[in-house]
Amino acid sequence: MNLSVRTCWLPKGGNSVDEYEDAFDCSILGRRFAIADGATESSFAAPWAKSLVSGFIETPPFDSSQPGTRMKDWIEPLQKLWREGIDWQALPWYSEEKARAGAFSSLLGFEIETHDDSRESSPGLTSRDVLRWRALAVGDSCLFHVSGDALVASFPLRKANEFGNRPLLLSSNPQNNEAVWTEVRYHDGACHPADMFILATDALAHWFLRCYESGSKPWKDLFSLNTEGDFAAFVAHSRENHLMSNDDTTLLLVSIDNGVVEIRESADQKEMRPIEDCKEAI
Amino acid sequence: MPYTAEISRKSPSCFVFLIDQSGSMSDSLAGEPGKRKADKVADSINRLLQNLVIKCTKSEGVRDFFEVAVIGYGAKVGPAFSGKLAGSTLVPMSQIASSARIEPRTKKVDDQAGGLVEQTINFQVWFDAVASGGTPMCEAFNQTHNLLEDWVSHHSSSYPPIVINITDGEATDGDPTPVAQSVTSLTTSDGNVLLLNCHISASPASPIAYPESDNGLSDEFARLLFRMSSVLPENIRAAARSEGMAVGDQARGFVFNADLEALIRFLDIGTRPSNLR
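Residues numbered from 1 in each chain as written. Chains lettered and ligands numbered in written order. Predicted model: local features only at pLDDT ≥ 70, side-chain atom pairs only at ≥ 80, totals over all residues.

> Before we move on, could you go through the overall build of chain B and cite the residues and values that matter?
A count of helical and extended segments in chain B gives seven helices and 16 strands. Taking 19 Å as the expected radius of gyration for a compact globule of 277 residues, we find that chain B reaches 18 Å, a close match to that expectation. Once the C-alpha set of chain B is aligned to its principal axes, its extents read approximately 55 × 45 × 40 Å. Looking at chain B as a whole, 47% of its 277 residues are labelled buried. In chain B, 75% of the contacts between residues at least 6 apart in sequence involve partners at least 24 apart. (Helix = DSSP H or I, 4+ residues; strand = E, 2+ residues; numbered from the N terminus. Rg over C-alpha atoms; globule rule 2.2 N^0.38 Å. Buried ≥ 20, exposed ≤ 12 C-beta atoms within 10 Å, placed from the backbone. Contact = placed C-beta atoms within 7 Å.)

Set out below in structure tokens:
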């Protein structure tokens, strides 16, 4: 059985690639995947989003009973790293004031466990179930689980009308996070061979749920995007027709299949092309 | 739906601040003896500009999401920026950011021991207090109309300009209603120009923000300003409500003895975390 991931991303229309403030990271071998969406109304959001996804891949702060408590400790070294990455002395007054308020980002982290290394009990597990998955989230980046051509989980948001432009997000400034810890979401479930997982930042996730609520199967559209050009054309068409907000857009397509084993891990997402494929046996 | 156009560098919006600089602005404020109304207004405008600059700041610098004009009306009517921007009309945000004069100010802050201690802070200044002459508000609106007629013709699909008029009293050059209406009749494809009025008074009346009717306004001039003010767009009302402000469906852009700084937060230039204050 193989695990494959395809990553697609585009900056907001009108912005350059350097201004892209979403982030993603994955470890095929660790079966971990993460996306984050740095908030427009904060500065140095890109390195903050990047450090959150990298931190998750390295040490995911899972705690199903008190997800916020574990995350509070987990985030401290990332906040320190972010502060140390800024040349504060070189900032003009407005950049300093903005940076002191902190950077903000969503985080969605997701992990597939094999039955053997599952660290938690798996209530309801049947003989057919061979894998478990678990995820945690802050903000409006979403995970969709598709099994047997049906959407079986939508996390953390379930409905299109839950999206707004003022989500609660993780901040690099500890003072802003007091309200966050009770809002960290955790979810887990079982999955099967041939299941698909979709990780999407808010513009795409919102589009996905609107399509689903109108009766279509948006995962079919997303898994039919095979090239960089396909993804760019799909996003451009959706933005032009006001089906999708003009925002940084990031998509990870994860599938459990029987494809050819091929490892293509990329170290630096800025060097990745907008569509990358990675596969690994699990 | 109106007032939903994306505010971006490619499609910026615009602010015009109209500042009453008449002689009566040298009167003291209610409850703040020794502080002139003109000084209070100058501080308010400078803080509004600081907030706008910071709103537009990203890691690499300030993005030109807005252009800003400040028009004063008193002994004369015209551009009212001080310092490096003196004489300028519409100025992009990045230029505003780099043109501030820095003034050390003292403010009282919590000393963490139950008391207050004075701390020196840097205060950015683009606009200085002036108080002389009459209140030629009609002429100020007339100049605003000319400025924005040109602006909307070059930004036909932008988020409409927002005009903020700050005054303490009655116009001395006629009824400003018709010329104010000529300003708010200007449109982009996203809606009409928005007019917000801020009435400051020497009387110790309670502050009023974004009322739905003129009941409770103390004088005829306040009621006139209320009637001239635009109904707030739905998404601005929603943003205000999300911060706990009681804003009705017919709320107008009018405040009495209150400031408009919160308004800057309510403008949408992208994701704004709810835990960012």
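> Requested: an account of the environment of glutamine 79 of chain A, with residues and values cited.
All names here are of chain A. Relative to the elements of secondary structure, glutamine 79 occurs in helix α2 (residues 67-84). Take glutamine 79: there are 19 C-beta atoms within 10 Å of it, and that puts it in the partly exposed class. Taking the C-alpha atoms as reference points, glutamine 79 and histidine 242, 163 residues apart in sequence, are found 36 Å from one another. Apart from residues lying up to four places away in sequence, glutamine 79 is in contact with Ser172 and Pro174.

> Mind laying out the packing of helix α1 (residues 45-58) of chain A against α2 of chain A, listing which residues take part and the relevant values?
If you want to describe how two helices pack, look at the angle between their axes and the distance between the axes. Residues and elements named next belong to chain A. Across the interface, α1 lies against α2 with an axial gap of 10 Å and an inter-helix angle of 145°. Classified by chirality, the crossing of α2 by α1 is right-handed. Contacts between α1 and α2 involve Pro47, Trp48, Ser51, Leu52 and Gly55 from the first element and Trp74, Leu78, Leu81 and Trp82 from the second. Grouping the amino acids of the contact of α1 with α2 by side-chain chemistry returns seven nonpolar, two polar and no charged. (Axes fitted to C-alpha atoms, helices over the stretch in contact; angles between N-to-C directions. Left-handed = near helix turned anticlockwise from the far one by under 90°. Nonpolar A, V, L, I, M, F, W, Y, C, P; charged D, E, K, R; others polar.)

> Mind laying out the confidence of the model for chain A, listing which residues take part and the relevant values?
Residue and element names in this part refer to chain A. Here chain A shows a mean pLDDT of 87. Residues at 70 or above account for 85%. Counting interchain partners and residues more than four positions distant, the pLDDT-below-50 stretch residues 117-127 has five contacts. In the predicted structure, residues 259-275 sits below a pLDDT of 50 and forms 37 contacts with residues beyond four places in sequence or in another chain. (pLDDT = per-residue confidence, 0-100.)

> Can you explain the nonpolar core? Please cite residues and give values.
Counting residues in each nonpolar core, the largest one holds 80 residues, and the members touching the most others are Val16, Val53, Val68, Val70, Met93 and Val163 of chain B. Apart from residues no more than four positions distant in its own chain, valine 163 of chain B is found in contact with Val16, Leu18, Thr144, Val183, Val193, Leu194, Leu195 and Leu196 of chain B. The next biggest cluster of nonpolar side chains, apart from the first, holds 74 residues, and it includes Val5, Ala23, Leu199 and Leu222 of chain A. (Core = buried A, V, L, I, M, F, W, Y, C linked by C-beta atoms within 7 Å.)

> Talk me through helix α6 (residues 234-242) of chain B; I want residue IDs and the actual numbers.
Residues and elements named next belong to chain B. Within the sequence span of α6, burial applies to Ile236, Ala239 and Ala240. The buried residues of α6 all sit within an arc of 100° when viewed along its axis, so they share a single face. If you follow the buried residues of α6, they end up packed against α7 (261-266). The positive-phi residue at the C-terminal boundary of α6 is glycine 244, with phi of around 85°. (Arc of directions from axis to C-beta.)

> So what's going on with the pairing of strand β6 (residues 131-138) of chain A? Which residues, and what values?
Residues and elements named next belong to chain A. Along β6, seven of the eight residues are buried, which leaves the element largely enclosed by surrounding structure. Sheet analysis places β6 next to strand β10 (residues 185-191), joined by seven bridges and oriented antiparallel. What sits directly across from arginine 134, in β10, is aspartate 188. (Pairing = 2+ DSSP bridges.)

> Tell me about α2 of chain A, and name the residues and values.
Residues and elements named next belong to chain A. Compared with the 26 Å implied by 1.5 Å per residue over 18 residues, the 27 Å span of α2 between its first and last C-alpha is a close match. Considering bend angle alone, the principal kink of α2 is centred on isoleucine 75 and spans about 30°; proline proline 77 follows within four residues of it. Regarding α2, the residues found buried are Pro67, Met71, Ile75 and Trp82. Structurally, α2 contributes buried residues whose contacts are with α1, β6, β9 (170-171) and β10. (Expected span 1.5 Å × (residues − 1). Bend = angle between axes of the 7 residues up to and from the residue.)

> Just give me the short version of the environment of serine 95 of chain A, but keep the residues and values in it.
Residue placement: serine 95 of chain A occurs in helix α3 (residues 93-101). Residues serine 95 of chain A and serine 43 of chain A, 52 residues apart in the sequence, show an inter-C-alpha distance of 7.8 Å.

> How would you summarise the interface of chain A and chain B if you had to cite specific residues and measurements?
A common way to express how large an interface is: the accessible area buried when the components associate. Chain A puts 24 residues into the contact, and the matching count from chain B is 24 residues. With six residues, α3 of chain A is the single largest residue contributor to the side of chain A that touches chain B. Taken together, the residues of the side of chain A that touches chain B break down into 11 nonpolar, nine polar and four charged.

> Got a sec to walk through the confidence of the model for chain B? Specific residues and values, please.
Scored by pLDDT, chain B has a mean of 90; 98% of the residues are at 70 or more. The ipTM value of the predicted complex is 0.87, and its pTM value is 0.87.

> Can you lay out unusual backbone geometry for me, pointing to particular residues and giving the numbers?
The amide bond that connects phenylalanine 155 of chain A to the next residue, proline 156 of chain A, takes the cis arrangement and shows omega of 0°. Locating proline 156 of chain A in the fold gives a position in the loop between β8 (150-155) and β9. Residues other than glycine seldom take positive phi values, yet histidine 242 of chain A does so here, at roughly 55°. Residue position: histidine 242 of chain A is located in the loop between α6 (228-240) and β12 (249-257). Phi angles above zero are rare outside glycine, and tyrosine 3 of chain B is one such case at about 60°.

> So what about the environment of leucine 78 of chain A? Which residues, and what values?
Residues and elements named next belong to chain A. Inspection of the secondary structure assignment puts leucine 78 in helix α2. Residue classification places leucine 78 among the partly exposed positions, given that 17 C-beta atoms sit within 10 Å. As a C-alpha pair, leucine 78 and threonine 7 span 71 residues in sequence and 24 Å in three-dimensional space. Not counting chain neighbours up to four residues away, the residues in contact with leucine 78 comprise Ser51, Leu52 and Gly55.

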